[in-house]
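Read off the chains here:
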Amino acid sequence: MSYRALSHLHIIPKGQTVTSEYYVEVILKQSLIPSMLRTRDSGTILERKLLLERSKAIFQQDGAPAHTSKRSQEWLKNNMPGFWTKDIWPPNTPDLNPIENLLAILQAKLDSMERATNLKMLEKQLILAWKEISPETLEKLIAGMPSRINKCLKLNGDYIGK
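Everything quoted here is computed from the prediction, not taken from an experiment.

A. Quick peek at the overall build of the protein chain. Of regular secondary structure, the protein chain possesses seven helices and zero strands. Along the protein chain, from the amino end to the carboxyl end, the secondary structure elements read α-α-α-α-α-α-α. Relative to the 2.2 N^0.38 estimate, which gives 15 Å for 162 residues, the radius of gyration of the protein chain is 17 Å and therefore close to what a compact globule would have. With the C-alpha coordinates of the protein chain rotated into their principal frame, the extents come out at 50 × 35 × 35 Å. Entry remark: accessible area of the protein chain is about 10300 Å², with carbon and sulfur atoms responsible for 55%. Taking the average place of the 23 positive charges on the side chains of the protein chain and the average place of its 17 negative ones, the gap between the two points comes to 2 Å.

Okay, here's the thing in C-alpha cells:
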C-alpha cells in the first residue's frame, strides 16, 4: 500500500507455506515489482502509480520469518530504495504500521458481506473489498503516521512533537 494506491491483493494458495523463497520470487518479484513500475497517474487504486517518487518511499514490513530472512533482507536492500531492515523498525509495534489499519478496514468490509461458504467465495469477496478501498482512506492512513509515532514516543518519554 501507499498513500495513493494498492498493489493487487496476493492470495496465498491453500497449502502454500510463505518461505523466504516464495516471498522473494512470487510476492516481491511477481506482485510488488509490477505494482511499483506502474506509470499511470490516474485510474483506480489498483491501476495508478503506487508512488510519485519512489526514492522518497519507505518500504516497511513486519517481523514474519519470510520478511526477516537473510535472503529477503538482502533482496530488498538491493532492489527497494527506502527499505527499512529488520533492525530499524521497532518490534511489536503493529499500531504503527498503516497496513494493520487497512486490514481492519478490509475485515469490516468482509463482515458487511454475506458470509462466505467456501474458499472461492471468500477469495472473490476479499478481492472485491480490496478494490473498494478508496484513495481517501489510503491518504488518511498514511497521513496519520506522524501522530501515531508521536503517541508511541510520548508513552516512551521521547515525545518530539507539539
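Don't stop here, the text continues.
B. The arrangement of the environment of Arg40 in detail. Assignment of secondary structure puts Arg40 in the loop between helix H1 (20-36) and helix H2 (65-68). C-alpha separation for the pair Arg40 and Leu50, spaced ten residues apart in sequence, amounts to 9.3 Å. With residues up to four places along the chain from it excluded, the contact list for Arg40 reads Arg4, Glu47, Arg48 and Lys49. Polar contacts involving the side chain of Arg40 include one to the main-chain carbonyl oxygen of Ser42, which spans 3.5 Å.

C. Structural context of the pattern of salt bridges. Scanning the model with the defined rule gives seven salt bridges in all. Salt-bridge contacts for Arg40 lead to Glu47; the nearest nitrogen and oxygen are separated by 3.6 Å. On the basis of relative accessible area, Arg40 is assigned to the partly exposed category, the value being 42%. Exposure remark for Glu47: the relative accessible area of 33% places this residue in the partly exposed category. Salt-bridge contacts for Asp41 lead to Lys49; the nearest nitrogen and oxygen are separated by 3.2 Å. Because the salt bridges share partners, they merge into one network encompassing Glu21, Glu25, Lys29 and Arg71.

D. Representation of helix H5 (residues 119-131). Helix length check: H5, at 13 residues, gives a terminal C-alpha distance of 18 Å against a target of 18 Å (1.5 Å per residue), a fit within 8%. Where H5 is buried, its residues contact helix H4 (98-111). The backbone nitrogen of Lys120 lies 3.2 Å from a side-chain oxygen of the residue at the head of H5, namely Asn118.

E. Geometry of the packing of H4 against H5. Close contact between H4 and H5 brings their axes to 9 Å; oriented N to C, the two are set at 120°. When the axis of H4 is compared with that of H5, the two are oblique. In this structure, H4 crosses over H5, and the sense of that crossing is right-handed. Only Gln125, Leu126, Ala129 and Trp130 of H5 make contact with H4, whose side of the interface consists of Leu102, Leu106, Lys109 and Leu110. Of the residues in the contact of H4 with H5, the class split is six nonpolar, one polar and one charged.

F. Inspection of the packing of aromatic side chains at higher detail. What the rule picks out here adds up to one aromatic pair. Judged by centre distance (6.2 Å) and plane angle (45°), the rings of Phe59 and Phe83 are tilted. Of this pair, Phe59 sits in the loop between H1 and H2 while Phe83 sits in the loop between helix H3 (70-79) and H4, and the two are 24 residues apart along the sequence. Phe59 gets classed as buried once you look at its relative accessible area, which sits at 16%. Phe83 gets classed as buried once you look at its relative accessible area, which sits at 9%.

Criteria and cut-off values
- Residues numbered from 1 in each chain as written.
- Predicted model: local features only at pLDDT ≥ 70, side-chain atom pairs only at ≥ 80, totals over all residues.
- Heavy atoms only, no water.
- Helix = DSSP H or I, 4+ residues; strand = E, 2+ residues; numbered from the N terminus.
- Rg over C-alpha atoms; globule rule 2.2 N^0.38 Å.
- Areas by Shrake-Rupley, 256 points an atom, 1.4 Å probe, with all protein chains shown as cover.
- Lys, Arg positive; Asp, Glu negative; His and termini not counted.
- Charge placed at Lys NZ, Arg CZ, Asp CG, Glu CD.
- Contact = heavy atoms within 4.5 Å.
- Polar contact = N/O pair within 3.5 Å; in protein donor to acceptor, adjacent residues only side chain to side chain.
- Salt bridge = Lys/Arg side-chain N within 4 Å of Asp/Glu carboxyl O.
- Buried < 20%, exposed > 50% of the residue type's maximum accessible area, 1.4 Å probe, protein only.
- Expected span 1.5 Å × (residues − 1).
- Axes fitted to C-alpha atoms, helices over the stretch in contact; angles between N-to-C directions.
- Parallel < 35°, antiparallel > 145°, perpendicular 65-115°, else oblique.
- Left-handed = near helix turned anticlockwise from the far one by under 90°.
- Nonpolar A, V, L, I, M, F, W, Y, C, P; charged D, E, K, R; others polar.
- Phe/Tyr/Trp six-rings, centres within 6.5 Å; stacked < 30°, edge-to-face > 60°.

Read these as layout, nothing more, since geometry by itself doesn't imply function.
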